[in-house]
Amino acid sequence: MSKIFKALHMVGLLCVGIGAGLYLLTDVANEITGMLIIASLIGVGLLIMAPYPVALVFDWEQKQHVNQDNEANKIDKSDEHNK
């Protein structure tokens, strides 16, 4: 699932980059249709990029939970051996 969000993040970065490039390096932004295209590219790019950091936090939290469970199992096993 994280790979999907990572791919979407890259597509979003590409959209933002193209929009910024059109804005900074061309005269497209001087026309109404150019403004609409640039704003749409940047806005959609940012929307597509947004879920990836959230997915990273969920993956990190899940790994922390698994590590915590493993530590608890190690402690339980060592307590059984000490008895």
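This one's a predicted model, so the numbers in the text were calculated from it and none came from an experiment. (Residues numbered from 1 in each chain as written. Predicted model: local features only at pLDDT ≥ 70, side-chain atom pairs only at ≥ 80, totals over all residues. Heavy atoms only, no water.)

What about the packing of helix H1 (residues 2–25) against helix H2 (residues 32–49)?
Contact geometry for H1 and H2: axes closest at 7 Å, N-to-C directions at 155°. One finds that H1 runs roughly antiparallel with respect to H2. Where H1 crosses over H2, the two elements pack in a sense that is left-handed. Residue-level contacts link Leu8, His9, Gly12, Leu13, Cys15, Val16, Ile18, Gly19, Ala20, Leu22 and Tyr23 of H1 to Ile37, Ile38, Leu41, Ile42, Gly45, Leu46, Ile48 and Met49 of H2. Here the contact of H1 with H2 is composed, by residue class, of 15 nonpolar, four polar and no charged. (Axes fitted to C-alpha atoms, helices over the stretch in contact; angles between N-to-C directions. Helix = DSSP H or I, 4+ residues; strand = E, 2+ residues; numbered from the N terminus. Parallel < 35°, antiparallel > 145°, perpendicular 65-115°, else oblique. Left-handed = near helix turned anticlockwise from the far one by under 90°. Contact = heavy atoms within 4.5 Å. Nonpolar A, V, L, I, M, F, W, Y, C, P; charged D, E, K, R; others polar.)

Looking at the confidence of the model for the protein
Scored by pLDDT, the protein comes out at a mean of 87, with 84% of its residues at no less than 70. For the protein, per-element mean pLDDT is lowest for helix H3 (residues 51–82), which scores 77, and highest for H2, which scores 96. (pLDDT = per-residue confidence, 0-100.)

Overview of the environment of isoleucine 48
Of note, isoleucine 48 is situated in helix H2. Residue classification places isoleucine 48 among the partly exposed positions, given a relative accessible area of 24%. Separated by 41 residues in sequence, isoleucine 48 and alanine 7 have C-alpha atoms that sit 9.7 Å apart. If sequence neighbours within four positions are ignored, isoleucine 48 has contacts with Leu8, His9 and Gly12. (Buried < 20%, exposed > 50% of the residue type's maximum accessible area, 1.4 Å probe, protein only.)

Quick look at H2
Compared with an ideal rise of 1.5 Å per residue, which puts 18 residues at 26 Å, H2 spans 26 Å between its outermost C-alpha atoms and is within 8% of the ideal. Listing the buried residues of H2 in full gives Gly34, Ile38, Gly45 and Met49. Across the axial projection of H2, the buried residues extend over an arc of 40°, all falling on one side. Opposite the buried face of H2, by more than 90 degrees, sit the exposed residues Ile32, Thr33, Leu36 and Leu47. (Expected span 1.5 Å × (residues − 1). Arc of directions from axis to C-beta.)

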